[in-house]
Amino acid sequence: QVRLVESGGGSVQAGGSLRLACEVSLNTDSTTFLGWFRQAQGRAREGGAAIHGPSGTTYYDDRMKGRFTIYQDNAKNTLYLQMNNLKPNGNALYCCPARAVITPAWWNEHSYPFWGQGPQVTVSS
């Protein structure tokens, strides 16, 4: 049984920050990945960031490097995405997926069998 409960998101002005959270209840091992995928308006869903839970190794899409940070609180089984310097027209739906395998690539959405819902991020000028 898996539990992925997301929170955070909302509306923010350009240049502002938000932090997304995903409470995870999953029997993890050394190959477990958690991630944040996003779907911007008019675009396909894509991988934004991921973390290999047991080791803490992180991965980012190039557009998120330097502005977004993925991290985890192991004691609370919570995954976070700190988003800074949000861009105008950066509206997107964010989802938190989980998988128990180390391959294929972290950004392959089809490799994640478990998904949370939301939240929506809206950025205004």
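Anyway, here's the lowdown on the structure attached to this text.

### A closer look at the layout of surface pockets
Considered as a void within the structure, the largest pocket measures approximately 300 Å³ in volume. In terms of lining, the largest pocket is formed by 19 residues, of which the most central are Arg38, Arg67, Lys87, Asn89 and Gly90. Of all the secondary structure elements, the ones that give two or more residues to the lining of the largest pocket are β4 (33-40) and β5 (46-52).

### Description of the sheet that holds strand β1 (residues 3-7)
The 4 strands lie next to each other as β1-β3-β8-β7, forming an open sheet whose pairing is antiparallel. At either margin of the open sheet sits one strand with a lone partner, and together these are β1 and β7 (68-73). Across this sheet, the average inter-strand angle for adjacent strands is 15 degrees, counted without regard to direction.

### Quick word on the state of the cysteines
Applying the stated criterion across every chain yields a total of 1 disulfide. Covalently, Cys22 is tied to Cys96 through a disulfide, its sulfur atoms 2.4 Å apart. Around the S-S axis, the bridge from Cys22 to Cys96 shows a dihedral of about -85 degrees and counts as left-handed. Of the two residues, Cys22 is situated in strand β3 (residues 18-25) and Cys96 in the loop between β9 (92-95) and β10 (97-99); the sequence distance between them amounts to 74 residues. Each member of the pair, Cys22 together with Cys96, is buried. Note on Cys95: no disulfide assigned, nearest cysteine sulfur contributed by Cys96 at a separation of 8.8 Å. The buried category is assigned to Cys95, whose relative accessible area is 6%.

### Notes on the nonpolar core
Residues Trp36, Leu79, Leu81, Met83 and Tyr94 are the most contacted members of the largest nonpolar core, which totals 24 residues. At the level of secondary structure, the elements contributing two or more residues to this core comprise β3, β4, β5, β7, β8 (78-83), β9 and β12 (120-124). Setting aside anything within four residues of it in sequence, one finds Leu81 in contact with Leu18, Arg19, Leu20, Trp36, Ala49, Phe68, Thr69, Ile70 and Tyr94.

### Some words on the environment of Gln13
In this fold, Gln13 is placed in strand β2 (residues 10-13). Taking relative accessible area as the criterion, Gln13 reaches 56% and is therefore assigned exposed. Distance from Gln13 to Val123, taken between C-alpha atoms, is 5.4 Å for residues 110 residues apart in sequence. When residues no more than four places from it in sequence are discounted, the contact partners of Gln13 are Val123 and Ser124.

Rules and cut-offs
- Residues numbered from 1 in each chain as written.
- Predicted model: local features only at pLDDT ≥ 70, side-chain atom pairs only at ≥ 80, totals over all residues.
- Heavy atoms only, no water.
- 1 Å grid on protein atoms, 1.4 Å probe; cavity = no way out; pocket = protein on both sides within 12 Å on 5 of 7 lines; lining within 4 Å.
- Points joined across faces, edges and corners; volume = space filled by probe spheres on them.
- Helix = DSSP H or I, 4+ residues; strand = E, 2+ residues; numbered from the N terminus.
- Pairing = 2+ DSSP bridges.
- Axes fitted to C-alpha atoms, helices over the stretch in contact; angles between N-to-C directions.
- Disulfide = S-S within 2.5 Å.
- Buried < 20%, exposed > 50% of the residue type's maximum accessible area, 1.4 Å probe, protein only.
- Core = buried A, V, L, I, M, F, W, Y, C linked by side-chain atoms within 4.5 Å.
- Contact = heavy atoms within 4.5 Å.

From the geometry alone we can't say anything about function, so treat these as descriptive.
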